[in-house]
2 protein chains.
Amino acid sequence: MSIATKDIIIEKVKNSKIDQVDFDNLAFGSVFTDHMLVCTYKNGAWETPTITPYQPITLDPSAKIFHYGQSIFEGMKAYKDKNNDVFLFRPLDNHKRLNISAARMCIPQIPEDYFMEGLTTLLNLDKDFIPTKDGGSLYIRPFMFASGNGFHASPANEYKFIIACAPSGAYFSGKVKVLIEEKYSRSANGGVGYAKAGGNYAGQFYPTQLAIEKGYNQVIWTDDTSHEYIEEAGAMNIFIRINDTLLTGPTSDRILDGITRKSILEIAKDQGIKTEVRKITVKEVVAAAKDGSLKEMFGAGTAAVISPIAGFGYRDTDYDLPELENSFGERLKKIITDIQYNKSEDKFGWRYQVKS
Amino acid sequence: MSIATKDIIIEKVKNSKIDQVDFDNLAFGSVFTDHMLVCTYKNGAWETPTITPYQPITLDPSAKIFHYGQSIFEGMKAYKDKNNDVFLFRPLDNHKRLNISAARMCIPQIPEDYFMEGLTTLLNLDKDFIPTKDGGSLYIRPFMFASGNGFHASPANEYKFIIACAPSGAYFSGKVKVLIEEKYSRSANGGVGYAKAGGNYAGQFYPTQLAIEKGYNQVIWTDDTSHEYIEEAGAMNIFIRINDTLLTGPTSDRILDGITRKSILEIAKDQGIKTEVRKITVKEVVAAAKDGSLKEMFGAGTAAVISPIAGFGYRDTDYDLPELENSFGERLKKIITDIQYNKSEDKFGWRYQVKS
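Conventions and cut-offs
Within each chain, residues carry numbers counting from 1 in the order of the written sequence. Each chain takes a letter, starting from A, and each ligand takes a number, starting from 1, following the order in which they are written. In keeping with the predicted nature of the model, local features appear solely for residues at pLDDT of at least 70, side-chain atom pairs appear and are counted solely at 80 or more, and the whole-chain, interface and lining totals rest on all residues. Here the side-chain values reflect all heavy atoms present in the structure, with hydrogen atoms and water set aside. UniProt positions are given in the numbering used here, feature names are shortened, and annotations may be inferred rather than shown by experiment. Here a helix means four or more residues in a row that DSSP labels H or I, a strand means two or more in a row labelled E, and each is numbered from the N terminus. All radius of gyration figures rest on C-alpha atoms, and the globule criterion is 2.2 Å times the number of residues raised to 0.38. With a 1.4 Å probe rolled over the protein chains alone, any residue whose accessible area is under 20% of its type maximum counts as buried; one over 50% counts as exposed, and the rest are partly exposed. Whether two residues are in contact is decided by their heavy atoms: any pair within 4.5 Å suffices. Each accessible area value is a Shrake-Rupley result obtained with a 1.4 Å probe; residue values ignore everything except the protein chains displayed when judging cover. Only four residue types enter the charge count: Lys and Arg as positive, Asp and Glu as negative, with His and the chain ends excluded. For this purpose, a charge sits on NZ of Lys, CZ of Arg, CG of Asp or CD of Glu. Pairs of N or O atoms within 3.5 Å make up the polar contacts considered here, provided that, within protein, one atom can donate a hydrogen while the other can accept it, and that residues adjacent in sequence are counted only when both atoms are side-chain atoms. Between N-to-C directions, angles cover 0 to 180 degrees, with each direction set by a line fitted to C-alpha atoms, over the stretch in contact for helices. In these notes the angle categories are as follows: under 35 degrees is roughly parallel, over 145 is roughly antiparallel, 65 to 115 is roughly perpendicular, and the rest is oblique. With the far helix as reference, a near helix turned anticlockwise by less than a right angle produces a left-handed crossing, and one turned clockwise produces a right-handed crossing. Only Asp, Glu, Lys and Arg are considered charged, only Ala, Val, Leu, Ile, Met, Phe, Trp, Tyr, Cys and Pro nonpolar, and every remaining residue, Gly among them, polar. Note on definitions: salt bridges are taken to be side-chain nitrogens of Lys or Arg within 4 Å of carboxyl oxygens of Asp or Glu. Only protein atoms enter the calculation, which uses a 1 Å grid: trapped sets of points that fit a 1.4 Å probe without letting it out are cavities, open sets showing protein on both sides within 12 Å along at least five of seven lines are pockets, and any residue with an atom within 4 Å of a point is a lining residue. Grid points are joined across faces, edges and corners, and a volume is the space filled by probe spheres set on the points. All the domain ranges listed were derived from an automatic or database domain assignment. Defined here as a combined quantity, buried area equals the accessible surface (1.4 Å probe) lost by two parts on assembly, summed across both. When the copies are superposed, the least-squares fit takes in the C-alpha atoms of residues with a pLDDT of at least 70 in both. The pairing criterion for strands is at least two bridges between them, as found by DSSP.

As annotated in an unreviewed UniProt entry, chain A carries the name Branched-chain-amino-acid aminotransferase and is attributed to Maribacter litoralis. The annotation that UniProt attaches to chain A under Sequence similarities (unreviewed entry) is "Belongs to the class-IV pyridoxal-phosphate-dependent aminotransferase family."

Draft legend 1. Region of the structure containing the overall build of chain A. What chain A contains, in helices and strands, is seven helices and 19 strands. Relative to its length of 356 residues, chain A is compact, with a C-alpha radius of gyration of 21 Å against a globular reference of 21 Å. Along the three orthogonal principal directions, the C-alpha set of chain A runs to about 60 × 50 × 35 Å. Here chain A, with 356 residues, has 61% of them falling under the buried criterion. Partitioning the intrachain contacts of chain A with sequence separation of at least 6 by distance along the chain shows that 73% fall at a separation of at least 24. For chain A, the exposed area adds up to about 13,900 Å²; of that, 46% sits on carbon and sulfur atoms. Within chain A, one finds 42 positive and 45 negative side-chain charges whose respective centroids are separated by 1 Å.

Draft legend 2. Main features of the side chain of T40(B). All names here are of chain B. Here T40 shows up in strand β2 (residues 35–42). Among the residues examined, T40 registers a relative accessible area of 12% and is labelled buried. A distance of 2.9 Å separates the side chain of T40 from the side chain of K160, its partner in a polar contact. Other than its neighbours up to four places away in sequence, T40 contacts A45, W46, E47, Y159 and K160.

Draft legend 3. Spotlight on the packing of helix α2 (residues 91–104) of chain A against helix α3 (residues 112–126) of chain A. All names here are of chain A. Interhelical geometry of α2 versus α3 gives an angle of 135° and a closest axis separation of 10 Å. The angle between α2 and α3 falls in the class oblique. Handedness of the crossing formed by α2 with α3: right-handed. Residue-level inspection shows P91, L92, N94, H95 and L98 of α2 in contact with α3, the latter providing E112, F115 and M116. Taken together, the residues of the contact of α2 with α3 break down into five nonpolar, two polar and one charged.

Draft legend 4. Molecular detail of the packing of helix α5 (residues 259–270) of chain B against helix α7 (residues 328–340) of chain B. Residue and element names in this part refer to chain B. Interaxial distance between α5 and α7 falls to 10 Å at its minimum, and their mutual angle equals 105°. Between α5 and α7, the angle is such that the two are roughly perpendicular. Contact with α5, carried on its side by T260, S263, I264, I267 and A268, involves L332, I335 and I336 of α7 and no other residues of that element. Of the residues that constitute the contact of α5 with α7, the class distribution is six nonpolar, two polar and no charged.

Draft legend 5. Local environment of the pattern of salt bridges. All names here are of chain A. A complete count under the given rule lists 36 salt bridges over all chains for this structure. We note a salt bridge from R90 to E266, for which the minimum N-O separation is 3.9 Å. In this pair, R90 is assigned in the loop between β8 (86–89) and α2 and E266 in helix α5 (residues 259–270), connecting sequence segments 176 residues apart. Residue R90 is classed as buried on the basis of its relative accessible area, which comes to 12%.

Draft legend 6. Layout of empty space enclosed by the protein. Across all of its chains, the model carries seven cavities of 30 Å³ or more by this definition. Roughly 320 Å³ of internal volume is contained in the largest cavity. Residue lining of the largest cavity: 27 residues in total, with V192(A), N200(A), R186(B), V192(B) and N200(B) positioned closest to the centre. Of all the secondary structure elements, the ones that give two or more residues to the lining of the largest cavity are α4 (198–213) of chain A together with α4 (198–213) of chain B. Of the residues belonging to the lining of the largest cavity, the class tally is eight nonpolar, 16 polar and three charged.

Draft legend 7. Spatial organisation of the domain arrangement of chain A. All names here are of chain A. Domain parsing of chain A yields domain 1 (5–168) and domain 2 (176–340). Its C-alpha centre places domain 1 at a distance of 28 Å from the equivalent point of domain 2. Listed per partner, the contact involves 20 residues of domain 1 and 22 residues of domain 2. Carbon and sulfur atoms supply 60% of the area that domain 1 and domain 2 bury against each other, a total of about 1,800 Å² over both sides. Ranking the residues of domain 1 by area buried against domain 2 places F89, R97 and R104 at the top, with a combined share of 35%. Inspection of the domain 1/domain 2 interface yields two salt bridges. For the pair domain 1 and domain 2, the interface holds eleven residue pairs in polar contact (both at pLDDT 80 or more). At six residues, α2 tops the list of elements feeding residues into the side of domain 1 that touches domain 2. In terms of residue class, the side of domain 1 that touches domain 2 is built from ten nonpolar, four polar and six charged.

Draft legend 8. Highlighting the relation of the copies chain A and chain B. For the pair chain A and chain B, the relating rotation is 180°, the translation along its axis is 0.0 Å, and the fit reaches an RMSD of 0.0 Å. Such a turn and shift between the copies fits a two-fold axis. A share of 100% of the interface residues of chain A reappears at the interface of chain B, consistent with the copies meeting face to face through the same patch.

Draft legend 9. Structural view of the interface of chain A and chain B. If you look at the interface, chain A gives 58 residues, while chain B gives 58 residues. At the boundary of chain A with chain B, total buried surface from both sides reaches about 5,000 Å², with 65% on carbon and sulfur atoms. The three residues of chain A that bury the most area against chain B are F66(A), F151(A) and F205(A), which together make up 16% of that side's buried surface. In this structure, the connection of chain A to chain B is made through zero salt bridges. There are 22 residue pairs in polar contact (both at pLDDT 80 or more) connecting chain A and chain B. Mapped onto the side of chain A that touches chain B, the elements with two or more residues apiece are β5 (57–59), α1 (65–68), β6 (71–73), α2, β9 (137–146), β10 (159–168) and α4 of chain A. The greatest single-element share of the side of chain A that touches chain B, amounting to nine residues, is contributed by α4(A). Looking at the side of chain A that touches chain B, its residues break down into 32 nonpolar, 21 polar and five charged.

Draft legend 10. Local environment of the pairing of strand β7 (residues 76–80) of chain A. All names here are of chain A. Judged by how many residues are buried, β7 sits mostly within the fold: five of five residues are covered. What you see with β7 is no split at all: M76, A78 and K80 on one side and K77 and Y79 on the other are buried throughout. Pairing analysis gives three bridges linking β7 to β9, with the strands arranged antiparallel. Counterpart to K77 in the pairing with β9 is Y139.

Shown next, in the form of structure tokens:
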């Protein structure tokens, strides 16, 4: 089964809505481009992908997405350089991870060429929506869900693979305050925490809302068994700098294998920054905050890129992080975004030009 | 905020599809009645419920249900007695649990009168769809999901509460074989396992499929920390009879507080059956299977009622359960279904007649 750009059925919009987009005041993921890619899985096979005007989806009330949370997604971005050339960042890794999530959630695998041809064809149609303002990008949301019908709690027989795009500004503005969580948990051993499955996100909303009410922006999850180990922040992986060593937890069946995370690790090594991928205890982070060896913390993810953390709360005490002159986070963010926006050489081979 | 039946906006079907239903060969939850109840939460309030012909739902591709699994549901049944009177079983408990699930998933609370008036009005319209054949019932699916838009991973600002109904036969036919699972898990400590949240179900599909490939029907989940304790079967709570004592695990933040489960416990006590609600180890169940003190196991849930278990697999060994003359499961099933179908006195006050 193979698909080429010429095979994709394209129905273009009659009138673009690009004039309605306020590119100077973009929120995150709330206005959308003219088109979307839709591919249906039916009778055991993916049908020919179609690109249609961005439009509502119509489903039976018994469609399993409404009942059993059988859904996964990816987050990607498209960037424009000063010549208006369009770039993606490690897109094949998103495709691979989508299929890893799909396997865990009993959703059929999407072939690489359906994903890549669909995505690049869509981007070529909607590339005028890619922001050129500093820090702006086109957020890309590939997602798959159970569109087949029936109340029986079992995998659906039909699925949709859709790509929708939203010109977007920053996910967080400014530094974030995080709360180390000890009561609620994000994922179970042997569960679905490593998958970008819908339910992993809804489960975080309530504890995150409680944290927001206390003045924090995000929760840092700990393991559900002992709450002794730092896991991830739900929308981001977490990096912690103690003295001059940059730490992050290992991925596991509970933790998402973040593409920004692994890129940061490679860049840091290349920069001569000492990195350690190992289990990090809450205890050592609190001790480091107390003795001054905790220099910085930041989140890493596609949406937030690198999100500096101003401080953390733990057991009713707030710990502030110092203002640094030589921040690893800032340095690494500049290097990764320079690669993404084609402002620097890409020695890692991560940049992917979308050919028009 | 209060709603009376007369306030519900009703749009009846022009032509009923009841003639297309094969009441002699009903599967579970795959054909639907003429109407559905839909209520929208918007601008911080529930709008007036509407009953419309059963019809597709239309949503923006960025609706949060597609991305973040923010969805919950309930399972209920309506029964007809020989006079064609219509009954529900402990419906207020379903309403309460729906709101417990809603709180955990950051979904707004649905008022009791919206739920009960909506449900009974719908049932009165569609009561001809309630099967009268032995073991048949109208399966009722109240569900709520995030219909608000946007790719930001945060709670939606709009929701739908919908009730759809499906005339249904048995969920399982015959006895089931279960596999005690030690690698995969259903829920985390501090997670959402006690909520009827969509994502809890999709996460079970893959391990359940692996079990089905090995010849089992369902997985019995163990705790994700040690895998030493029996939890639930995903679509059912689990009861285990050792000698003449009926055991079931305690509910927790990982285990659903099943309405059939708690009814069974009350009926068993009333019947003079010794019950114990306590943590059950896999080890003791295997030991009891080996020494012959394990008499029976069954699942309990709305869809499956009481589902007898023929045997279980554990670490590549199968353990068969004996055929009993005096089965607790059969006895309890007859008592609970006689109450549900108005064939016996209801000393517990669980039956709820739907007044026409």
